[in-house]
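Reading the structure
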Amino acid sequence: MKQPIIIDTDPGIDDAAAISIALYHPNFDLRMITTVNGNVGIEKTTANALKLKRFFNSDVPVHRGAAQPLVDAIRDASAVHGESGMDGYPFPDVKTSDLASTHAVEAMRKALETSDEPITLVPIGPLTNIALLLSTYPEVKDYIKEIVLMGGSASRGNVTPLAEFNIYCDPEAAQIVFNSGLPITMVGLDVARSSTLSHDSIDALQSLNKTGDMLHQIFKHYKGDDFEKGINVYDAYTIIYLLHPEKFNVQEADVQIETTGTLTKGATVTDFNTRYPNCTVVMSVDPNEFKTMFINALQYCD
Ligand code: RIB
Ligand code: CA
């Protein structure tokens, strides 16, 4: 049974891995890709989504979204993903005509309201678009199956000691999403750190297929945390979780977002002892099992 999904993204090297699988895996019906300011600015994240659309010769629509966070100043992770946000591969030239004319929020609203079944939202960048959608059109909640997002951490951060990048970029948006009342699954730093892919595993992608070769080349430019130990393909964990949720160790929790602390802003304050959980936190997965699931999923790609 195909899962209808929408990916909201800030490509983003690890975003590219998630999008690759979602586009090809038979278990997904990727309705659209929406872009958000995050790893790099909206112009570049949108251009990168269009590069992937062209690379895969995909007819999945790409809609441009928010150019800045709800409240905070724009931040950037080009030190991790490169100046373009997806350095390392000679992607085909972007055709601006490939960009759908409707804003991401409007496009998501229409797709949700006209879908024959509820859609799973998969945000893998800052949550600005999702917060704008839920705040502008709260009625669309009836058409959202669940939100499976890459963001947050039940332990340490990767941008500050306590904050993960996607949440840190727009904590106010994250607070709106986590308190929306929708089924939320937080695929944070924890699960990726429990199953870091070795550099050898990433090198092996080169001979898998054309997509594997592309990912291998861009991952060589990825300077994510723990880079000396291996590669944390953070965003891909959302997609692999949707394919094999039973393989992951999860815990229910109440997650609230710190939006004011000088040293703690962007932290996902995770209370596992609550009687009123608002989300499922994906905590860990067997490293060998994750590697197998990741490679098997990529084998569907061209
Ligand atoms: O903290 C990891 C997240 O920040 C990933 O989504 C990565 O693409 C960056 O956006
Ligand atoms: Ca991302």
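Everything numeric in this text was worked out from a predicted model, so none of it was measured. Just so you know, the residues in each chain are numbered from 1, in the order the chain's sequence is written. Key to labels: chains lettered from A, ligands numbered from 1, both in the order written. Local features are withheld for residues below a pLDDT of 70 in this predicted model, meaning they are given only at 70 or higher, and side-chain atom pairs are given and counted only at 80 or more; totals for whole chains, interfaces and linings count all residues. Note that the side-chain values use all heavy atoms of the structure and ignore hydrogens as well as water.

Moving on, we come to the site of ligand 1. Around ligand 1 there are 14 residues in total, and Asp14, Asp15, Asn158, Glu164 and Asp235 lie nearest to it. Residue aspartate 14 places a side-chain N or O atom 2.6 Å away from an oxygen atom belonging to ligand 1. Between N or O atoms, a polar contact is any pair within 3.5 Å; within protein, one atom must be a potential hydrogen donor and the other a potential acceptor, and residues adjacent in sequence are included only when both atoms are from side chains. Here an oxygen atom of ligand 1 sits 3.0 Å away from a polar atom, N or O, in the main chain of isoleucine 124. Residue exposure ignores everything except the shown protein chains as possible cover, and the areas themselves are Shrake-Rupley values with a 1.4 Å probe. In isolation ligand 1 exposes 270 Å². Once the protein is present, 97% of that is buried. Using only the protein atoms, space was sampled on a 1 Å grid; points where a 1.4 Å probe fits but cannot get out form cavities, open sets with protein on both sides within 12 Å along at least five of seven lines form pockets, and lining residues are those with an atom within 4 Å of a point. Criterion for pocket placement: a molecule counts as inside a cavity or pocket if more than half of its atoms are within 2 Å of its grid points. Among the cavities detected, the one that contains ligand 1 is the largest pocket. Strands here mean DSSP runs of E at least two residues long; helices mean DSSP runs of H or I at least four residues long; both are numbered from the N terminus. Residue assignment for the shell around ligand 1 shows that the elements contributing at least two residues are helix 1 (13-24) and helix 6 (165-169). For this classification, the nonpolar set comprises Ala, Val, Leu, Ile, Met, Phe, Trp, Tyr, Cys and Pro, the charged set comprises Asp, Glu, Lys and Arg, and every other residue, Gly included, is treated as polar. Here the shell around ligand 1 is built from residues that sort into five nonpolar, four polar and five charged. Nearness of a residue to a molecule or strand requires only that one of the residue's heavy atoms be within 4 Å of it.

We call two strands paired when DSSP finds no fewer than two bridges between them. The strand order 3-2-1-4-5-6-9-7-8 describes an open sheet built from nine strands, whose pairing is mixed. Each edge of the open sheet carries a strand with a single partner, namely strand 3 (62-64) and strand 8 (268-271). Taking the axes of each pair of neighbouring strands and ignoring which way they run, one obtains an average angle of 30° across the sheet. Pairing of strand 4 (residues 119-123) with strand 5 (residues 144-150) involves three bridges; the strand directions are parallel. Of the residues in strand 5, the one forming a bridge with leucine 121 is isoleucine 147. Axis definition: a line fitted to C-alpha atoms, limited for helices to the stretch in contact. Angles are taken between N-to-C directions and run from 0 to 180 degrees.

So, on to the layout of surface pockets. Looking at the largest pocket, its volume works out to about 270 Å³. Put simply, the parts of the chain that give the lining of the largest pocket at least two residues each are helix 1, helix 3 (78-81) and helix 6. Grid points are joined across faces, edges and corners, and a volume is the space filled by probe spheres set on the points.

For alanine 104, the position within the fold is in helix 4 (residues 104-114). For alanine 104, a relative accessible area of 0% corresponds to the buried category. If we skip the residues at most four places from it in the chain, alanine 104 touches Thr34, His63, Arg64, Gly65 and Asn129. Only protein chains enter the accessibility calculation, which uses a 1.4 Å probe; a residue is then buried when its area is under 20% of its type maximum, exposed when over 50%, and partly exposed in between. Any two residues having at least one pair of non-hydrogen atoms within 4.5 Å are treated as being in contact.

On to unusual backbone geometry, then. Between proline 11 and glycine 12 the backbone carries a cis peptide bond, its omega angle lying at -25°. Considering the arrangement of structural elements, one finds glycine 12 in the loop between strand 1 (3-9) and helix 1. Within the chain, asparagine 57 stands out as a residue other than glycine whose phi angle is a positive 50°.

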